[in-house]
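If you want the building blocks of each chain, they are given just below.
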Amino acid sequence: DIALRMNRVPTRGELVCRKIGHIAYALYASPQLAEELSGRPATGPFIGYLKNPRKKSQSSWLFAYGQAGSFPLRVNELHLRFEAARAGIGTTLLPCHLGDASPELQRVHAPIPELEEEIYLLMHESRRAETDLRRVADALAELVHRDQASLLGLAPPA
């Protein structure tokens, strides 16, 4: 009934879409690895993506940033990159609100402006006026608005 999308908004179908915020990404590593890489985070190792690094994306940014380092693991799933970083396998890109909230991770690079994404809330036009659905949509929008500083990596998570 409600979908949250980052950057990509469907152009077909009878959907109502509204931008409700932004989300930023930064590089994170285990504290031990962060200490080892102190002053030279671009040397890796990195937890990369399986996607084609030629397209403009998080994958291409990380591939370009870490080209002098190694990529012992490549996986697209966010939760697997998160767990692998926590385990000390490498440095990876994570949403700031996730990386900053984990005591097992340390930020090793500031949020990357070109990777910031817009957050959109979508619902079907025919259900837009339903009271319960509207309440949930409004609550989600308020939650994103309230936690915007954390989502952008500017403040600790609430």
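By convention here, each chain's residues receive numbers from 1 onward along its written sequence. Thresholds applied to this predicted model are a pLDDT of at least 70 for local features of residues and 80 or more for the giving and counting of side-chain atom pairs; totals over whole chains, interfaces and linings are not thresholded and use all residues. Each side-chain value is worked out from all heavy atoms of the structure, with water and hydrogens disregarded.

Asks: Before we go on, may I ask you to explain the nonpolar core in this structure?
Replies: Buried together is how nonpolar side chains tend to be arranged in soluble globular proteins. What makes a nonpolar core is a set of buried Ala, Val, Leu, Ile, Met, Phe, Trp, Tyr and Cys residues whose side-chain atoms join them at distances within 4.5 Å. Buried residues are those whose accessible area, probed at 1.4 Å on protein chains only, stays under 20% of the maximum for their type, while exposed residues exceed 50% and partly exposed ones sit between those limits. Counting 27 residues, the largest nonpolar core has Ile20, Leu27, Trp61, Leu62, Leu93, Ile119 and Met123 as its most contacted members. Sorting the residues of this core by element identifies strand E2 (15-23), strand E3 (25-29), helix H1 (31-36), helix H2 (58-65), strand E8 (117-124) and helix H5 (131-146) as the ones contributing at least two each. The greatest single-element share of this core, amounting to four residues, is contributed by H5. Contact criterion: two residues are considered in contact whenever any of their non-hydrogen atoms come within 4.5 Å of each other. With near-sequence residues (within four places) excluded, Ile119 lies in contact with Arg5, Met6, Arg18, Lys19, Ile20, Gly21, His22, Ile23, Val144 and Leu151. Formed by 12 residues, the second largest nonpolar core is a distinct cluster that contains Phe82, Ala84, Cys96 and Leu152. Secondary structure follows DSSP: runs of H or I at least 4 residues long count as helices, runs of E at least 2 residues long count as strands, and numbering of each begins at the N terminus.

Asks: What exactly am I supposed to notice about the sheet that holds strand E6 (residues 92-95) here?
Replies: In sheet architecture, strand pairing relies on hydrogen bonds along the backbone and comes in two forms, parallel and antiparallel. One requirement defines pairing of two strands: DSSP has to find at least two bridges between them. The three strands are arranged E6-E3-E7 in an open sheet whose pairing can be described as antiparallel. Of all strands in the sheet, those bounded by a partner on one side alone are E6 and strand E7 (106-107). Pairing of E3 with E7, which is carried by two bridges, proceeds in the antiparallel orientation. Opposite Tyr28, over in E7, you have Arg107 as the bridge partner. With axes taken as lines fitted to C-alpha atoms, and helix axes fitted only over the stretch in contact, angles between N-to-C directions fall between 0 and 180 degrees. Across the face of the sheet, H2 comes into contact with E3 and E6 while running at roughly 50° to E3. Against the sheet, helix H3 (residues 78-86) contacts E3 and E6, and its axis sits at roughly 120° relative to E6.

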